[in-house]
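Residue-level structural notes
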Number of protein chains: 2
Amino acid sequence: MDKFPIGIIGGAGGIGRWFAAFFEQAGYTVHVSGQTSGLRPAEMAAACPVVIVSVPIGVTQAVIREVGPHMKKDSLLMDLTSLKTGPVRSMLEASASEVIGLHPLFGPGVSSLEGQNVVLCPARAVKWIPWLRGILGDYGAKIVETTPERHDEIMAVVQALNHLNTLVLGLSIRETGISREELERFSTPLVRARLEAVENLFSHPQLYAEIIAENPHISRILDLHEKAFSAVKPLVDQQGAEALEARMRQENRKG
Amino acid sequence: MDKFPIGIIGGAGGIGRWFAAFFEQAGYTVHVSGQTSGLRPAEMAAACPVVIVSVPIGVTQAVIREVGPHMKKDSLLMDLTSLKTGPVRSMLEASASEVIGLHPLFGPGVSSLEGQNVVLCPARAVKWIPWLRGILGDYGAKIVETTPERHDEIMAVVQALNHLNTLVLGLSIRETGISREELERFSTPLVRARLEAVENLFSHPQLYAEIIAENPHISRILDLHEKAFSAVKPLVDQQGAEALEARMRQENRKG
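A few points on the structure. The numbers attached to residues start from 1 for each chain and follow its sequence in the written order. Chain labels run from A onward and ligand labels from 1 onward, assigned in the order the entries are written. Reporting in this predicted model follows two pLDDT cut-offs: at least 70 for local features of residues, and 80 or more for side-chain atom pairs to be given and counted; totals over whole chains, interfaces and linings ignore these cut-offs and use all residues. The side-chain numbers reported here are obtained from all heavy atoms of the structure, hydrogens and water having been left aside.

**Points about the sheet that holds strand β5 (residues 98–104) of chain B**
Strand pairing in a sheet relies on backbone hydrogen bonds. The paired strands run either parallel or antiparallel. All names here are of chain B. Going by this rule: What makes two strands pair is DSSP finding at least two bridges between them. Helix and strand labels come from DSSP, where a helix needs a run of H or I of at least four residues and a strand needs a run of E of at least two; each type is numbered from the N terminus. Angles here are taken between N-to-C directions and fall from 0 to 180 degrees, while the axes themselves are lines fitted to C-alpha atoms, restricted in helices to the stretch in contact.
With mixed pairing, the seven strands of this open sheet are ordered in space as β2-β1-β3-β4-β5-β6-β7. Edge positions in the open sheet fall to β2 (30–33) and β7 (142–145), since each of these has one partner strand only. Within this sheet the neighbouring strands show an average axis-to-axis angle of 20°, counted without direction. Examined bridge by bridge, strand β4 (residues 76–79) and β5 share four bridges and lie parallel to one another.

Below you can see the structure in the form of structure tokens.
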């Protein structure tokens with residue numbers, strides 16, 4: 001396949017910029033657009049057989065509805081957000097093109113695709129799926145393919161639950177009033193990584209708020225987190241270390 | 001100071017064994033004892049000017065009460081547990097010797113002291129504190145000295161709160177029924193580290209149950225964790241991503 005132009009809406013920053021650099025070094029011409037720069041959606045769709053939407057979750061579907069109608073039937077529309085059910089449905093509805101939801105499970109700080117997990121949700125994809133698998137695979141990505149629904153169900157755990165849990169830790173820590181410097185001096189390397197994760201969460205409020213609150217399974221996740229705490233609390237403050245240890249041993253046998 | 005023998009009760013495993021190897025390569029003769037092996041407490045106290053207690057938190061004070069009365073006035077009794085108020089009080093009461101509570105903030109997997117945090121609580125220490133600061137400092141440890149009470153107050157956050165939080169995450173994840181292998185395939189490197197932390201917690205139930213449940217501030221910690229969750233819950237499931245984002249921005253400004 002000849003090298004064709006690739007368009008990335010939101011490619012001026014974050015993971016969009018990362019993929020712009022990735023495709024450029026792979027030999028493609030990449031057009032990026034930001035909120036006020038670069039090609040407009042219709043121009044992007046006209047110029048590029050592959051268009052990737054990489055904007056915050058909250059505006060992803062609006063951007064898809066803008067660009068979708070301009071996509072040609074034999075072109076490919078993709079998005080990079082952390083949720084797949086809504087965006088993939090919108091891409092299918094708004095366009096006649098092929099559609100693949102893509103979720104790269106790494107941040108823009110990584111130096112290569114080697115060993116990184118990437119989820120693909122091929123929703124209407126015949127012509128383009130071998131190309132996408134090929135280029136991601138050639139650069140060492142570990143590809144997993146699933147439905148948007150299953151993706152979001154698993155993300156409810158690995159992302160929404162995990163970040164919710166970190167948020168609860170962060171708010172609790174702030175409430176103690178002990179400074180981060182003081183905590184660091186008394187910390188193991190693993191705890192320092194955890195304090196770093198808390199800071200990272202508070203530094204990207206839009207991203208993490210959307211990953212948590214927009215996940216379609218978030219009510220169940222809140223419920224699981226609340227019940228787990230309620231199961232632990234009496235073991236800790238009424239029954240003590242031995243009862244807690246026994247409960248943890250149970251989980252260890254299960255795991 | 002000539003190289004004298006050092007005794008480590010509980011030095012057959014874990015962090016006790018790590019310190020046995022550390023002092024040996026620094027040129028000291030080290031006597032270790034396990035539950036059924038090595039010198040008995042009275043023999044240990046007679047043979048070694050420095051005796052270190054390195055047994056699980058739950059039995060630390062009982063072991064201290066056994067060895068303490070045999071310690072000579074000009075010798076040094078230390079412990080390595082993750083809590084300091086109880087063990088240091090017991091060491092002061094049970095012995096006439098010098099007493100320093102020591103909490104190494106690393107696990108037995110590290111290859112050197114270089115850059116590792118070590119907390120000292122010098123409780124009755126004149127002759128021995130320069131020696132201890134010297135040897136730990138020579139090998140690159142970052143030493144912080146404080147009272148047992150302040151130590152436990154900070155550990156309530158960096159250890160009890162942190163591990164409680166990981167325990168809640170772990171129980172929630174298990175409840176979803178999704179296997180670890182499946183979660184790993186859909187995870188970022190940071191999430192994989194978190195899943196690893198959960199497994200590590202469930203693999204050492206006694207250690208973590210004691211760190212959580214035996215901390216003297218655990219009631220307050222439970223309270224903080226519960227309140228933080230209660231503050232987040234309505235933002236997530238009633239008000240949505242924007243309200244949650246606004247709340248996180250507030251913390252970011254404070255931090």
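Picking up where we left off.
**Thoughts on the relation of the copies chain B and chain A**
We apply this condition: Alignment of the copies relies on least squares applied to C-alpha atoms, considering only residues that score at least 70 for pLDDT in both. In what follows, a contact means two residues having at least one pair of non-hydrogen atoms within 4.5 Å.
With an RMSD of 0.0 Å, the operation that places chain B on chain A is a rotation of 180° combined with a shift of 0.0 Å along the axis. As the rotation angle and translation indicate, the two copies are arranged about a two-fold axis. Minimal C-alpha distance to the rotation axis in chain B is attained by Asn165(B), lying at 3.4 Å. The fraction of interface residues of chain B whose copies in chain A are also interface residues reaches 99%, indicating that both copies meet through the same surface.

**Focus on the nonpolar core**
Stated formally: Nonpolar cores are built from buried Ala, Val, Leu, Ile, Met, Phe, Trp, Tyr and Cys residues. Side-chain atoms within 4.5 Å join them into one set. Accessible area is worked out with a 1.4 Å probe on protein chains only. A residue is then buried under 20% of its type maximum, exposed over 50%, and partly exposed in between.
In this structure, Leu167(A), Leu244(A), Leu167(B) and Leu244(B) are the most contacted members of the largest nonpolar core, which totals 84 residues. Other than its neighbours up to four places away in sequence, Leu244(A) contacts Val232(A), Leu235(A), Val236(A), Leu167(B), Ala209(B), Ile212(B) and Ala213(B).

**A word on the interface of chain B and chain A**
Rule in force here: When two parts are put together, the accessible area they lose, computed with a 1.4 Å probe and summed over both, is reported as buried area. Put simply, a salt bridge is a Lys or Arg side-chain nitrogen that is within 4 Å of an Asp or Glu carboxyl oxygen. Pairs of N or O atoms within 3.5 Å make up the polar contacts considered here, provided that, within protein, one atom can donate a hydrogen while the other can accept it, and that residues adjacent in sequence are counted only when both atoms are side-chain atoms.
Listed as interface residues are 73 residues of chain B and, on the opposing side, 72 residues of chain A. Its largest share of buried area at the contact with chain A, chain B owes to Phe186(B), Phe229(B) and Met248(B), together 11% of the area lost on that side. One can count six salt bridges joining chain B with chain A. Residues Glu182(A) and Arg150(B) are paired through a salt bridge, measuring 3.5 Å at the closest nitrogen-oxygen approach. Our count for the chain B to chain A interface comes out at 15 residue pairs in polar contact (both at pLDDT 80 or more). Among the elements of the structure, β6 (117–124), α6 (148–176), α7 (180–185), α8 (189–203), α9 (205–213), α10 (218–239) and α11 (241–254) of chain B are those that each provide at least two residues to the side of chain B that touches chain A. The element best represented in the side of chain B that touches chain A is α6(B), accounting for 19 residues.

**So, the sheet that holds strand β5 (residues 98–104) of chain A**
Residues and elements named next belong to chain A. Read across the sheet, seven strands follow the order β2-β1-β3-β4-β5-β6-β7 without closing on themselves; strand pairing throughout is mixed. At either end of the open sheet lies a strand with only one pairing partner, and these are β2 (30–33) and β7 (142–145). For this sheet, the mean angle separating the axes of adjacent strands, direction not counted, is 20°. Contacts between helix α3 (residues 57–67) and the sheet are confined to β1 (6–9), β3 (50–53) and β4 (76–79), with β3 contributing the most and set at about 155° to the helix. Against the sheet, helix α5 (residues 129–138) contacts β1, β3, β4, β5, β6 (117–124) and β7, and its axis sits at roughly 175° relative to β6.

**Description of the pairing of β5(B)**
Residue and element names in this part refer to chain B. Defined as follows: For the handedness criterion, the strands are oriented away from the viewer, and a crossover whose path from the first strand over the helix to the second runs clockwise is classed as right-handed.
Burial analysis of β5 places seven of its seven residues in the buried class, the great majority of the element. Alternating residues of β5 divide into Glu 98, Ile 100, Leu 102 and Pro 104 and Val 99, Gly 101 and His 103, and every residue in both groups is buried. As for the winding sense of the linkage, the β-α-β connection from β4 through helix α4 (residues 85–94) to β5 is right-handed. In the sheet, β5 pairs with β6 via six bridges, with the strands oriented antiparallel. By the bridge assignment, Gly 101 is partnered in β6 with Cys 121.

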